[in-house]
Amino acid sequence: MEHLQPLDATRFVVVDVETTGGTQGGRHNIIELAFVVVEDGVITQRHSSLVNPLENIPEFITTMTGISNDMVADAPLIHDAIAPLRNELLQPNTVFVAHNVGFDWKAVHQALQSLDGDVWDPPLLCTCKLSRRISNGLARHDLASVCEYYRVENAARHRALGDAEATAHVLVDMIQRAREEHQAETLVDLQTLQYVPRSPNAKELQARALMEPKLRDVPDVPGVYYFLNQQRKIIYVGKARNLQRRVRSYFTHSATMGRKVGRLVRNVRDVQWETTETELGALLLESHEIKRLLPRFNSAGRRYRSLPFIRITNEEFPRIDVVHDIDGSGADHYGPFRTEYLALRLVDMMRQANNIRTCEGPLKPRADFRPCFQYHIKRCAAPCALLQSKDEYQAGVLQARQYLTHAEQGALTTLAAQMEEFAERLDFERAAMLRDAIREIQRATLHRHDRPLAVSDMNVVLLVATGDQHRTIEMFAMRNGRLRLQHVVGAATRAERLRSLLEPVVTQRAISAPFTQVEVDQLRIITSWLHHNHREAVVVDVVEGDVDGAVRAIAEAMQQLREVDVKRNDDEAPQASEYSQIPTTDFL
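Here is what the cut-offs are and how they apply
- Counting restarts for each chain, with residues numbered from 1 along the sequence as it is written.
- The predicted nature of this model means local features are confined to residues of pLDDT at least 70 and side-chain atom pairs, given and counted, to a pLDDT of 80 or more, with totals for whole chains, interfaces and linings taken over all residues.
- Derived side-chain values reflect all non-hydrogen atoms in the structure, with water molecules and hydrogen atoms excluded from consideration.
- Stacked, tilted and edge-to-face are the three classes applied to pairs of Phe, Tyr and Trp rings, where Trp contributes its six-membered ring and a pair requires centres within 6.5 Å; stacked means planes under 30 degrees apart, edge-to-face means over 60, and tilted covers the rest.
- The criterion for a charge sitting over a ring is simple: Lys NZ or Arg CZ within 6 Å of the ring centre, and within 35 degrees of the ring normal.
- By the criteria applied, helices consist of DSSP H or I runs no shorter than four residues and strands consist of E runs no shorter than two, each listed in order from the N terminus.
- Each residue is assigned to one of three classes by its accessible area relative to the maximum for its type, calculated with a 1.4 Å probe on protein chains only: buried under 20%, partly exposed between the two thresholds, exposed over 50%.
- In this analysis, two residues are considered to be in contact whenever any of their non-hydrogen atoms come within 4.5 Å of each other.
- Polar contacts here mean pairs of N or O atoms no more than 3.5 Å apart (in protein, one a potential hydrogen donor and the other a potential acceptor; neighbouring residues in sequence count only if both atoms are side-chain atoms).
- What a helix is expected to span follows from its residue count: subtract one and scale by 1.5 Å.
- By this definition, two strands are paired if DSSP reports at least two bridges between them.
- Interaxial angle, 0 to 180 degrees, is taken between N-to-C directions of lines fitted to C-alpha atoms, where a helix line uses only the stretch in contact.
- A pair is scored as a salt bridge if a Lys or Arg side-chain nitrogen falls within 4 Å of a carboxyl oxygen belonging to Asp or Glu.
- As used in this record, nonpolar core signifies buried Ala, Val, Leu, Ile, Met, Phe, Trp, Tyr and Cys residues forming a set joined through side-chain atoms within 4.5 Å.
- Disulfide assignment relies on a single distance test, namely cysteine sulfur atoms paired within 2.5 Å.
- Confidence scores labelled pLDDT are given residue by residue by the predictor and lie between 0 and 100.
- Between 65 and 115 degrees an angle is taken as roughly perpendicular, under 35 as roughly parallel, over 145 as roughly antiparallel, and anywhere else as oblique.
- Take the far helix as the reference: if the near one is turned anticlockwise from it by less than a right angle, the crossing is left-handed, and if turned clockwise, right-handed.
- Each residue is assigned to one class: nonpolar for Ala, Val, Leu, Ile, Met, Phe, Trp, Tyr, Cys and Pro, charged for Asp, Glu, Lys and Arg, and polar for all the others, Gly among them.
- Lys and Arg are tallied as positive, Asp and Glu as negative. Neither His nor the chain termini are counted.

1. Some details on the packing of aromatic side chains
Counting across every chain of the model gives 10 aromatic pairs. An aromatic cluster of three or more residues is present, and its members are Y225, F227, Y236, Y250 and F251. Stacked on the ring of Y304, the Lys or Arg K291 has its end atom at 5.1 Å from the ring centre.

Put into structure tokens, the structure is as follows:
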């Protein structure tokens, strides 16, 4: 295998095994084996199998994994269970990946010896070692800590497929960070990065010495920081939950941040900052400042991105499609989604389930109209030819809308039921694909009681606790999906003050103008932040014109929020890459 091959051309087989334990350095018999294949940042294959170890499983292993002797009694023996993994590892341009690659490869190597005798040595990659070099500020690098850092969920810890999938998600994020911060383009770049020395060079030590007096003044609150060069020009803008910790980390951990950050650190001669009350406020300010200043070292977030929305048009015979703007036509929009692939997939599901037309433009039904191919394959009931009435067609549109928005009958519940069905059939690959679809719907849309909201229905107030949560709260009021108020209030603010702040927003008539790029960007930031940090905010529904109801609901929510113990520092919260303001691509 050519290690200088591009990362895009590399197949990563991410493996996890559960074993009988055994003594240090001794033999570990596998009781469960799973692998996930990642190609070009996407999971393309999943496989999992229990294994009969031909020995009793220790009680402490059963307690940790949930795998019992009864479960493996009829499972395949290792020489049969290992065969699919062997076939994958023999494919060209393939790398063996695990979070503790020494342990997992040793167990797999022993199993392959039982199958073939002689075993080749594929390229190995350890996400634990990689994390130690690129997960800036992370103290522990066990899989649970690394998953938390990269905001990766693992609902099946200590089960092979759950841990393998979590490691795969982490790997994709690490590769992205390695590319952006360490200029890793080939497999050998990534493998070398596992062993990069963690001591700064002379120029970085000099920059640290020059900056040390200035770092002492940086506050330990949320905000946006600005790095300046010798000519007093802003060369980098970033955000932080804790400005002191984040800014200082550049000069404490610069040796493991990569060549790109090393060049940044060597050019920094001063730091300025603007404090915010919350991380969400910092995210909004950061995005605005990067696009305004276009700093040299900000490689992401410099331009407004075109993001996909699902649209249900406002016409007699509505269409459902994917668009990249909100045009003010009165249509309902859902999103923004991170990938057009999933938005198109959901649209196809909604169309097929409810016979929604795919033809463009307004429909003018007449009896002599000839139905198109979609009618003949039973994907449309041909309202164009009067073979379906307008009422019948609109009933289908209503069902399609409920499919996306209804808590009990909608896509989330339908997909969850299908996921469970496939899992019961042990079709874990299709179950995992459905799980990813559920996560993307939840991520892309602002929720209230598990009900995704159309953008035009986002008449809500987000209440986010500040660092001093018992004294102040930051309000983000959205009208028809547009941020219309961002204001910090005291936790015991009187109703009269709340009324004066909210009345202009609540009584404002529905806005029909097209969304600006700034408004779409703010919507993206808010929905993404809320998905990851829903425990730190309370979402209050607001009815147009009902100021009194809004004031009462917000006063009650403020009391609820004061009772929440919110963790407020960088060590406790996952940190997104400083070079990626857009959330990373999910597995679909």
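2. Comments concerning the environment of V146
Of note, V146 is situated in helix α7 (residues 143–149). What makes V146 buried here is its relative accessible area of 0%. In sequence terms V146 and S131 are 15 residues apart; their C-alpha atoms lie 7.4 Å from each other. With near-sequence residues (within four places) excluded, V146 lies in contact with H99, S131, L138, H141, V170 and M174.

3. Considerations on helix α11 (residues 243–252)
Buried residues dominate α11, accounting for 7 of its 10 residues. Where α11 begins, one side-chain oxygen reaches toward the backbone nitrogen of Q244, 3.2 Å away; that side chain belongs to N242.

4. Remarks on helix α8 (residues 160–182)
Three or four residues apart is the spacing at which side chains of an α-helix point the same way, because the helix has 3.6 residues per turn. For α8, spanning 23 residues, the distance from its first C-alpha to its last is 30 Å, which sits close to the expected 33 Å at 1.5 Å a residue. Most of α8 is tucked away: 21 of the 23 residues are buried.

5. Considering the sheet that holds strand β11 (residues 332–334)
Read across the open sheet, the 3 strands follow the order β10-β9-β11; overall the sheet is antiparallel. The open sheet terminates on both sides in strands that have one partner only, identified here as β10 (320–323) and β11. Ignoring strand direction, the axes of neighbouring strands in this sheet form an average angle of 30 degrees.

6. Overview of the pairing of strand β17 (residues 537–541)
Of all 5 residues in β17, 4 are buried; the element is thus mostly enclosed. Relative to β17, strand β14 (residues 460–465) runs antiparallel, the two sharing 5 bridges. Opposite V460, over in β17, you have D541 as the bridge partner.

7. Thoughts on the pattern of salt bridges
One pass over the full model with this rule turns up 27 salt bridges. The closest approach of N and O atoms between R248 and E212, which form a salt bridge, is 3.2 Å. With a gap of 36 residues between them, R248 in helix α11 and E212 in helix α10 (residues 202–215) connect regions that are remote in the sequence. For E519, the salt bridge identified is with R482, shortest N-O distance 2.9 Å. One end of the pair, E519, is in helix α20 (residues 517–532); the other, R482, is in strand β16 (residues 482–490), with 37 residues separating them in the sequence.

8. Focus on the nonpolar core
Residues F12, V38, Y150 and L190 are the most contacted members of the largest nonpolar core, which totals 34 residues. Of all the elements in the fold, those that place two or more residues in this core are β1 (11–19), β2 (30–39), β4 (94–98), α6 (127–134), α7, α8 and α9 (187–193). Looking at this core, the element that brings in the most residues is α8, giving 11 residues. In contact with L190, other than residues within four places in its own chain, are L7, F12, L125, L130, I175 and A178.

9. A closer look at the state of the cysteines
Throughout the structure, instances matching the rule amount to 0 disulfides. We note that C126 lacks a disulfide partner, and the nearest cysteine sulfur, in C128, lies 5.1 Å from it.

10. Some points on the confidence of the model for the chain
Model confidence for the chain is summarised by a mean pLDDT of 83, while 83% of its residues fall at 70 or above. Low confidence marks residues 565–588, where pLDDT is under 50. Its contacts with residues over four positions away, or in another chain, come to 91 contacts.

11. So, the packing of α6 against α8
With their axes 11 Å apart at the nearest point, α6 and α8 run at an angle of 40 degrees to one another. In this view, α6 runs oblique relative to α8, as classed from their interaxial angle. Remark: the crossing between α6 and α8 carries left-handed chirality. Only T167, L171, M174, R177 and H182 of α8 make contact with α6, whose side of the interface consists of T127, L130, S131, R133 and I134. Looking at side-chain class alone, the contact of α6 with α8 contains 4 nonpolar, 4 polar and 2 charged residues.

12. Quick notes on the side chain of D104
Looking at where D104 falls in the secondary structure, it is placed in helix α5 (residues 101–116). Although D104 is buried, it makes no salt bridge; K129 carries the closest opposite charge, 12 Å away. Here the side chain of D104 touches V17 through a polar contact of 3.1 Å, landing on its backbone nitrogen. Once residues within four sequence positions are removed from consideration, D104 is found in contact with V15, D16, V17, F96 and A98.

13. Points about unusual backbone geometry
For the bond running from G335 to P336, omega is 5 degrees, close enough to zero to count as cis. Secondary-structure assignment places P336 in the loop between β11 and α14 (340–354). In the Ramachandran plot, K378 falls in the positive-phi region, its phi being about 65 degrees despite a non-glycine side chain. One can find K378 in the loop between α15 (373–376) and α16 (390–405).

14. Observations regarding the sheet that holds β14
Adjacent strands of a sheet pair through backbone hydrogen bonds, lying either parallel or antiparallel. Reading across the sheet, the 4 strands line up as β16-β15-β14-β17 and stay open at both edges, with antiparallel pairing between neighbours. Two strands close off the open sheet at either side, each with one partner strand: β16 and β17. Adjacent strand axes in the sheet meet at a mean angle of 20 degrees, parallel and antiparallel pairs treated alike. As defined by bridge partners, strand β15 (residues 472–479) adjoins β16 across 8 bridges and the pair is classed as antiparallel.

15. Looking at the environment of H487
Among the structural elements, H487 can be located in strand β16. Taking relative accessible area as the criterion, H487 reaches 26% and is therefore assigned partly exposed. Between the alpha carbons of H487 and F476 there is a distance of 6.9 Å; along the sequence they are 11 residues apart. Ignoring any residue separated from it by four or fewer positions in sequence, one finds H487 in contact with I473, E474, M475, R497 and L501. Polar side-chain contacts of H487 include one of 3.3 Å to the side chain of R497.

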